[in-house]
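Residue-level listing of the chains:
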Amino acid sequence: MSKPTTGPFTKTAGWLDWYDGPSQPQFRLPSGSVDAHCHVFGPGDEFPYAPERKYTPCDASKAQLFALRDHLGFARNVIVQATCHGADNRALVDALQAAGGKARGVATVRRDVSDAELERLHAAGVRGVRFNFVKRLVDFTPRDELMDIAGRIAKLGWHVVIYFEAVDLPELWDFFTRLPTTVVVDHMGRPDVTKSVDGPEFELFIKFMREHANVWSKVSCPERLSVSGPPALNGERAAYRDVVPFARRIVQSFPDRVLWGTDWPHPNLKQHMPDDGLLVDFIPHIAPTADLQRQLLVDNPMRLYWPEEA
Ligand SMILES: O=C(O)/C=C(\CC(=O)C(=O)O)C(=O)O
């Protein structure tokens with residue numbers, strides 16, 4: 001992969017660039033695997049970052065993403081709009097159009113988005129919208145606006161991706177359980193992995209999935225959730241052990257409603273930047289059998305994002 005660049009923007013202080021030269025994973029991904037959570041950033045000189053953004057990243061182009069896909073052995077990507085691009089989906093659409101059918105997308109839209117724009121996004125490969133409730137990333141959007149958007153995109157057969165932190169689930173519960181679409185939770189609802197996997201906070205998340213068959217979870221981002229590590233660096237193939245019980249419990253309880261993604265280029269990490277090859281080697285620790293791996297990496301993302309082929 002070519003080296004990270006920064007374009008005309010100044011990166012947020014302390015920004016960690018994505019890992020250049022990732023290892024070859026030892027885990028052989030099943031044929032047709034989908035990296036179901038990753039981003040493109042800019043490049044800023046072509047697709048400027050949004051004025052309302054809370055951080056300015058290092059550029060992460062479509063060509064760099066596709067090179068990573070091929071290097072790791074994924075067949076396809078689901079590219080998720082990140083908050084640094086706001087509701088300007090141009091970089092996302094450009095990447096989807098360049099992917100030759102090998103990428104689908106999750107966009108961010110505002111309530112005033114036109115039907116014609118939604119159809120244009122659909123034609124480019126968008127199949128969902130993302131609602132972000134992580135306070136350091138976005139300003140508050142009234143729930144009725146979001147519900148309005150959800151009602152409109154439901155008609156296109158799209159789903160809603162939600163990103164929130166575990167402590168906020170009780171307050172968001174009523175809104176989430178009224179959503180009329182499939183609902184995909186980013187990064188397991190960000191559990192605090194220093195708490196018990198059987199404790200009340202994670203039990204609430206399990207209940208959320210158990211009682212609502214339309215709720216899916218990405219079992220992604222151990223590098224973001226881990227407290228005791230060890231990080232996926234320097235050849236470590238048993239990384240982020242404190243996250244394993246949480247992700248494994250979700251995979252084993254809801255094998256047909258889980259997705260996995262690299263989260264490349266890993267925005268806003270503060271301590272370390274993982275080697276994406278070693279991150280792939282995390283997968284068999286949370287999905288220990290070939291059946292679970294095939295559902296997580298192939299069957300489930302294909303059903304959600306490429307239903308016409310599944
Ligand atoms: O990349 C992720 O999924 C997580 C992010 C960034 C993000 O979601 C965004 O900017 O939209 C985070 O925790 O900072």
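For the structure, see preceding data.
Everything quoted here is computed from the prediction, not taken from an experiment.

Caption draft 1: Main features of the packing of aromatic side chains. Applying the stated criterion across every chain yields a total of 16 aromatic pairs. Where Phe 74 meets Trp 260, the ring centres are 6.3 Å apart and the plane angle is 10 degrees; that geometry is what we call stacked. Taken together, the residues span a long stretch of sequence, with Phe 74 in the loop between helix H1 (62–72) and strand E2 (76–80) and Trp 260 in the loop between strand E8 (258–259) and helix H9 (276–280) at a distance of 186 residues. For the residue pair Phe 74 and Trp 260, the accessibility class agrees, reading buried in each case. Ring plane angle 25 degrees and centroid distance 6.1 Å describe the contact between Phe 202 and Phe 205, whose orientation is recorded as stacked. Note that Phe 202 and Phe 205 are positioned in helix H6 (residues 200–211) at a spacing of three residues, about one turn of the helix. Members of the aromatic cluster, joined through ring pairs, are Phe 131, Phe 133, Phe 164, Trp 173, Phe 175, Phe 176, Phe 202, Phe 205, Phe 208 and Phe 246. Across from the ring centre of Trp 306, 4.8 Å away, lies the NZ or CZ of Arg 76, which sits over that ring. Across the ring face of Phe 175, the terminal group of Arg 143 is positioned such that the distance to the ring centre comes to 5.9 Å.

Caption draft 2: Expanded view of the pairing of strand E4 (residues 126–132). Most of E4 sits inside the fold, with seven of its seven residues counted as buried. Bridge count for strand E3 (residues 103–107) against E4 is three bridges, and the pairing is parallel. Within the sheet, the bridge partner assigned to Gly 105 lies in E4 and is Val 126. Following the chain from E3 across helix H3 (residues 115–124) to the adjacent parallel E4, one finds a crossover that is right-handed.

Criteria and cut-off values
- Every residue gets a number counted from 1 within its own chain, in the order that chain's sequence is written.
- Since the coordinates come from a predicted model, pLDDT governs what is reported: local features require at least 70, and pairs of side-chain atoms require 80 or more to be given and counted, while whole-chain, interface and lining totals use all residues.
- Excluded from the side-chain calculation are hydrogens and water; included are all heavy atoms of the structure.
- Each Phe, Tyr or Trp ring (for Trp, its six-membered ring) is paired with any other whose centre lies within 6.5 Å, and the angle between the two planes then decides the class: stacked below 30 degrees, edge-to-face above 60, tilted in between.
- Note on conventions: DSSP H or I runs of at least 4 residues are helices, E runs of at least 2 residues are strands, and numbering of each starts at the N terminus.
- Only protein chains enter the accessibility calculation, which uses a 1.4 Å probe; a residue whose area is less than 20% of its type maximum is buried, one above 50% is exposed, and one in between is partly exposed.
- Here, over-ring charges are defined by two tests on the NZ atom of lysine or the CZ atom of arginine: distance to the ring centre within 6 Å, and angle to the ring normal within 35 degrees.
- DSSP bridges decide pairing: two strands pair if at least two such bridges lie between them.
- A clockwise course of the path from the first strand over the helix to the second, judged with the strands pointing away from the viewer, identifies a crossover as right-handed.

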